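Next come the chains, spelled out residue by residue.
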Amino acid sequence: MNTKEKTDYKQIWSNCLRVIRDNINYQSFKTWFDPIKPLRLEGNVLTIQVPSQFFYEWLEEHYINLLKKTIRQELGPSGRLEYSIIMDNSLVNNARCTVNMPTSNKKATQNPAVAMPLDLNNSNSKEIPNPFIIPGIKKIRVNSQLNENYSFDNFVEGDCNRLARSAGFAVGQNPGKTAFNPLFLYSKVGLGKTHLANAIGIQVKNGFPDKTVLYVSAEQFVNQFIESVRNNNQNDFVHFYQMIDTLIIDDIQFLSGKEKTQDVFFHIFNHLHQKGKQLIITSDKAPVEMQGVKPRLLSRFKWGLAADLQVPDLETRMAILAQKLYGDGVEMPAEVVEYLAYSITTNIREMEGALISILAQASLNKKDITLELAKQMIDKYVKNTAREISIDYIQKVISEYFNIPIELIISKTRKREIVQARQLTMYFSKKYTKSSLATIGLHCGNKDHATVLHACKTVSNLTETDKKFSIFVNELDKKIQG
Ligand code: ADP
Ligand code: MG
């Protein structure tokens, strides 16, 4: 029906990308659209190749409208998109298998092709029965070692963890049956890996009481293995692990350099994966950055999904504190909570630690929980970790100093004193954060980098020429430095 039919599919997809790029942020574009390859155009159906089922689901969940719109723009009102999913699983077979997956507004239920061919476990018909588990005999009960305090209910969702959390949730509902196997969660310390891994385990246990779930730290795993070598019962060790349905290994980096343990874990991994059992692994680094781990094991880590947990933004940090206080049934003045969230930026565990020590101080000394007390405690807590000054924090200090709401500072208002507060925010952000001029501009009322530069110059000039102004600046400087 249209002349575009004959046009190069690559061109069509590249047109779509141009529109998409303008509509979403850069990072999302890099993550979700860069890896897509256009495959072909048949009639008004454009087929694109995506790297995994998860990708497909994510696209459908988050970008369906944008995709629909752009496809229709390119191919007319009846234009359609089909996905082709790569499954790179050398245990099932060595060839890459491609599944066509028509996109639809309605979900999988109406379209069996969506859900069915993805089930790797079904396609793996050559199951070797484990001679050590006699069918019909009830499984041994294993203490799952899960920490019941770490559930999805009290895991706060934010931009920092959205991918990891939603993949984790999917795994928890369907262990071994999603494409995220293993689910590899990584982040720096104190950002929620252990919490999330436990939450998945708890969800599996609740949803599938018959499944054997085990949470184990890599350290414990290593120690058990060493012990089994010493007692000459390595086989028991291996068989025990091969019997688990959902295995969570926390802090896998602990296996670095421990080749024997890596070998035995490799065999356990293969066995479980082949039988459609779920593996959840956490690490302090992405698989590509891990050192001292044998390549064959590393390559396994990349089979499923590797998702990272990032440092939470201010809002999420406040939500985590609020959630923690709520869970403990404690009340705390909002300004104290805010101060905590502003002051401790890089590690949730530390933030919780500070919260606990404030509570402890207050109750030990029968003091009220005040901002003053919080400041004293946090100074002790944060001094040696060199507090990071953020644009958010600078805005807050300036807002309080001049008594102008932050919303006004970052608005488009041209009123003199507000412009001045805005310029000071830009100036201090330039001075104390590592953010680029463009980023600073973005956070200060969507200004461009030239405006920020101009603001910095204005503040410098005024500091030199205007006595009163320079007093402001000095006072603010002290406040910002804490
Ligand atoms: P990691 O294993 O990455 O070092 P943890 O899982 O031990 O981090 O998390 C540190 C602390 O922060 C825990 O008390 C955990 O409950 C809390 N925490 C981390 N992320 C979240 C979150 N998104 N919501 C609520 N609490 C969180
Ligand atoms: Mg941990």
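Details of the structure are given in the entry above.
None of these values were measured; they are calculated from a predicted model.

*Asks:* Account for the site of ligand 1, naming residues and giving values.
*Replies:* Around ligand 1, 18 residues are found, and the nearest of them are V156, G190, H195, R349 and E352. Between ligand 1 and N161, the relevant distance is 3.4 Å, taken from a nitrogen atom to a side-chain nitrogen or oxygen of the residue. Contact between ligand 1 and G192: an oxygen atom at 2.9 Å from a main-chain N or O atom of the residue. In the complex, 94% of the free accessible area of ligand 1, which totals 560 Å², lies under the protein chains. A class-by-class count of the residues in the shell around ligand 1 yields 7 nonpolar, 7 polar and 4 charged. Of the residues that make up the shell around ligand 1, three or more belong to each of domain 2 (152–308) and domain 3 (314–383).

*Asks:* I'd like to hear about the nonpolar core, residue by residue, with values.
*Replies:* Core analysis: the largest hydrophobic core is formed by 65 residues, its most contacted members being L183, I200, M332 and F428. At 7 residues, the largest contribution of residues to this core is made by helix 15 (residues 348–364). Non-local contacts of F428, meaning those with residues more than four positions away in its chain, are made with I394, I398, T433, V473, L476, D477 and I480. Judged by nonpolar contacts, the second largest core, of 31 residues, contains Y241, F269, I281 and M290.

*Asks:* Just give me the short version of the pattern of salt bridges, but keep the residues and values in it.
*Replies:* This structure, assessed with the given rule, holds 13 salt bridges. With a closest N to O distance of 3.0 Å, E227 and R230 form a salt bridge. A residue pair is termed a helical-turn pair when its members lie 3 or 4 positions apart in one helix, as E227 and R230 do in helix 9 (residues 218–230) at 3 residues. Classification of E227 by relative accessible area gives partly exposed; the value is 37%.

*Asks:* If you had to explain the packing of helix 19 (residues 416–432) against helix 21 (residues 449–465) to someone new, which residues and values would you point to?
*Replies:* With their axes 8 Å apart at the nearest point, helix 19 and helix 21 run at an angle of 95° to one another. By the angle class used here, helix 19 and helix 21 are roughly perpendicular. Facing Q420, Q423, L424, M426, Y427 and K430 of helix 19, the residues of helix 21 in contact are T451, V452, H454, A455, C456, T458, V459, S460 and L462. Per-class residue counts for the contact of helix 19 with helix 21 are 8 nonpolar, 6 polar and 1 charged.

Calculation rules
- Residues numbered from 1 in each chain as written.
- Chains lettered and ligands numbered in written order.
- Predicted model: local features only at pLDDT ≥ 70, side-chain atom pairs only at ≥ 80, totals over all residues.
- Heavy atoms only, no water.
- Near = heavy atom within 4 Å.
- Polar contact = N/O pair within 3.5 Å; in protein donor to acceptor, adjacent residues only side chain to side chain.
- Areas by Shrake-Rupley, 256 points an atom, 1.4 Å probe, with all protein chains shown as cover.
- Nonpolar A, V, L, I, M, F, W, Y, C, P; charged D, E, K, R; others polar.
- Domains from an automatic or database assignment.
- Core = buried A, V, L, I, M, F, W, Y, C linked by side-chain atoms within 4.5 Å.
- Buried < 20%, exposed > 50% of the residue type's maximum accessible area, 1.4 Å probe, protein only.
- Helix = DSSP H or I, 4+ residues; strand = E, 2+ residues; numbered from the N terminus.
- Contact = heavy atoms within 4.5 Å.
- Salt bridge = Lys/Arg side-chain N within 4 Å of Asp/Glu carboxyl O.
- Axes fitted to C-alpha atoms, helices over the stretch in contact; angles between N-to-C directions.
- Parallel < 35°, antiparallel > 145°, perpendicular 65-115°, else oblique.

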